[in-house]
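Observations on the model geometry
Spelled out, the chains give:
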Amino acid sequence: MANTMLRRPDVQTVPISFTLNGKLQELDVEPHELLLDVIRERLGLTGVKRSCDVQVCGACTLLVDGRPVSACTTLAFEVRERSVLTIEGLADDGKLHPLQEAFIEHGGFQCGFCTPGMILASKALLDENPDPTEDELKHFMHGNICRCTGYKKIIESIMAAAQKMSSTAR
Amino acid sequence: MLRRFRLEEPQSVGEISELLGRFGDSAKLYAGGTELLLAMKEGLVHYERLVNVKGIEGLNEVKQHNGAIYIGALCTHHQLETSPVLKQNLPALVKLEENVANVRVRQVGTLGGNLCFAEPHADPGTLLIALEASLTAEKSNGKREIPAESFFVDAYETALEVDEVLTTIAVPIPAKPSGVCYMKFGYLERPSVGVAVVVNLNADRSVVDDIKIAVGCAGPAPMRVPEAEALLKGKSLDEATRNIVQAGETSGRASQAISDLHGAQDYKEHIVGVLLKRAFHSALSQ
Ligand SMILES: Cc1cc2nc3c(=O)[nH]c(=O)nc-3n(C[C@H](O)[C@H](O)[C@H](O)COP(=O)(O)OP(=O)(O)OC[C@H]3O[C@@H](n4cnc5c(N)ncnc54)[C@H](O)[C@@H]3O)c2cc1C
Ligand code: FES
Ligand code: FES
């Protein structure tokens, strides 16, 4: 509310409500506000990163209704009535997600800048394809770029998590 | 950084067209935004109004009717790569869609936006030309059909008028026995060369009854190559197979390839020939 009152009356705002990591959020956004800025600057969740800003690198990956999108090129109003997952919402009550554990165990990151996007994209993959081949994994993940690891450890981490998740699901 | 704009959210194609007509160059239709927002963030273009079309019902479906597939312009690449109707009838288009951009761009980018932006380094236009698809353009007071072949005018330029909305892409399902293949080559984010072949054989598969060849990405706009088709059409399979190298050279020269970041002109012309040969053989083996 305070939001709208601070703005000039001729400035258009769109009231949106959406779930962010399972909690309902209601706020007014201007049409040109980007999802990345709203999540980082207004809502304070900085796991999502800006890097290339042109939908190539995947550092800004978020899941919207379970599917990966580039927050750097998504208008914030587009998530109205949807559900958004950031890396901060992945652990369950302090217990890391199997993908997070696998990335730690298998050294799936070095500087960590690409990691939130990598983990969220691979979650979307495993949710739709719990037992991917390495080729399927590479195809799905080819839009997530890592400058450090050389990818081998990332692939190992995701494959290990897939195995662990399907054995615990059984 | 994006500059401020007003958001319009009309509920019908007529209203969209009316807004686009009324505001002219200061308004732009907004679908997935994967191209438009990039251009606006770069400051290359600015619009006072964006007209969001995603509220329009019925434009994000794939339907089959009377031997043709009707694709709503708002279908995302992701919808198309997973569409059961397309998997059944046009697997070559499904394969193309699976390889457009990356998973995030496919999630929100639409087929309509891809065609209307007419960025030269794009895939679907080339295959749609070879498939003799027809595009429906609508405005407040009527609609018209535009053959895919004449839709692309130049780089970033289509046959659409300011107040026209692309609503449907109709693709005739090729009569059997036939083969359809699209192949691309590239090492950057977007394709550098794309070639599409649609071939129809006679009943005992010994004669090339009909063939359509289209080339894209190399030059400013995707195009059909009738000179190359003539070298193969009506020929026995043996003769057509012998002529394919010449058809490839002809297609390369016709492609209007330009030298740029994606490669030199002669290099692209060569790749056109290589891809045509491979696509021809792949189409024959279907
Ligand atoms: C990183 C990256 C990689 C890519 N790689 C590929 C690739 O490998 N192959 C490929 O083919 N493409 C590729 N693309 C392009 C991608 O396919 C398009 O960005 C996408 O399909 C555009 O759709 P959109 O809905 O986001 O369009 P928008 O950005 O919303 O619109 C684009 C333009 O089309 C106009 N428009 C949109 N819909 C209509 C309509 N129905 N009627 C009239 N005008 C309309 C808009 O006004 C705007 O001018 C890539 C893009 C990116 C960002
Ligand atoms: S910052 Fe969004 S894809 Fe690179
Ligand atoms: S760990 Fe540094 S970019 Fe991937």
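Residues numbered from 1 in each chain as written. Chains lettered and ligands numbered in written order. Predicted model: local features only at pLDDT ≥ 70, side-chain atom pairs only at ≥ 80, totals over all residues. Heavy atoms only, no water.

**Section: the domain arrangement of chain B**
The test is simple: Start and end positions for the domains come from either an automated domain assignment or a database one.
Partitioning chain B into structural domains gives domain 1 (6-52), domain 2 (62-172) and domain 3 (178-285). Centre-to-centre separation of domain 1 of chain B and domain 3 of chain B, based on C-alpha positions: 36 Å.

**Brief notes about helix H3 (residues 98-105) of chain A**
All names here are of chain A. The test is simple: Each residue is placed in one exposure class: buried if its accessible area under a 1.4 Å probe, protein chains only, is under 20% of its type's maximum, exposed if it is over 50%, and partly exposed if it falls in between. By the criteria applied, helices consist of DSSP H or I runs no shorter than four residues and strands consist of E runs no shorter than two, each listed in order from the N terminus. In this context, the arc is that of the directions from the helix axis out to the C-beta atoms.
Looking only at H3, the buried set comprises Leu 99, Gln 100, Ala 102 and Phe 103. Along the long axis of H3, the arc covered by the buried residues comes to 165°, so they all point the same way. Turned more than 90 degrees off the buried face of H3, the exposed positions are Ile 104 and Glu 105. One or two positions beyond H3, positive phi appears at Gly 107, with a value near 65°.

**Quick word on a nonpolar patch on the surface**
All names here are of chain B. The following threshold applies: To count toward a patch, a residue needs a relative accessible area above 30% and no salt bridge. Like charges then connect within 9 Å, nonpolar side chains (Val, Leu, Ile, Met, Phe, Trp, Tyr) within 5 Å. Working definition of accessibility: Shrake-Rupley area with a 1.4 Å probe, residue cover restricted to the visible protein chains. Within this document, salt bridges are pairs made up of a side-chain nitrogen of Lys or Arg and a carboxyl oxygen of Asp or Glu, the two lying within 4 Å of each other.
Nonpolar side chains collect at one region of the surface, where Tyr 187, Leu 188, Leu 261 and Tyr 267 lie side by side and expose about 440 Å² of accessible area between them. Looking at the secondary structure, you find Leu 188 in the loop between strand E11 (178-185) and strand E12 (193-201). Here Leu 188 falls in the partly exposed class, since its relative accessible area comes to 37%.

**Some thoughts on the sheet that holds strand E14 (residues 223-224) of chain B**
Residue and element names in this part refer to chain B. Spelled out, the test is: In this description, strands pair whenever DSSP reports at least two bridges between them. Contacts are residue-level and defined by heavy atoms, with any inter-residue pair within 4.5 Å sufficient. With axes taken as lines fitted to C-alpha atoms, and helix axes fitted only over the stretch in contact, angles between N-to-C directions fall between 0 and 180 degrees.
Within the open sheet, the four strands sit side by side as E11-E12-E13-E14. Their pairing is antiparallel. Looking at strand neighbours, the two that pair on one side only are E11 and E14, the edges of this open sheet. Of the strand pairs in this sheet, E12 and strand E13 (residues 208-216) are connected by eight bridges, and their pairing is antiparallel. Looking at the pairing, Val 195 lines up with Val 215 of E13. Relative to E12, helix H12 (residues 265-284) is tilted by about 30°, and along the sheet it contacts E11, E12 and E13.

**Section: the nonpolar core**
Selection criterion: Nonpolar cores are built from buried Ala, Val, Leu, Ile, Met, Phe, Trp, Tyr and Cys residues. Side-chain atoms within 4.5 Å join them into one set.
Core analysis: the largest hydrophobic core is formed by 38 residues, its most contacted members being Ile71(B), Leu86(B), Leu115(B), Leu127(B), Ile169(B) and Val171(B). Counting only domains with at least three residues in this core, you end up with domain 2 (62-172) and domain 3 (178-285) of chain B. Discounting residues that sit within four places of it in the chain, Ile169(B) has contacts with Ile69(B), Tyr70(B), Ile71(B), Ala73(B), Leu111(B), Leu115(B), Leu128(B), Ala133(B), Ser134(B) and Leu135(B). One finds Leu20(A), Leu45(A), Val79(A) and Tyr47(B) within the second-largest nonpolar core, a separate group that totals 33 residues.

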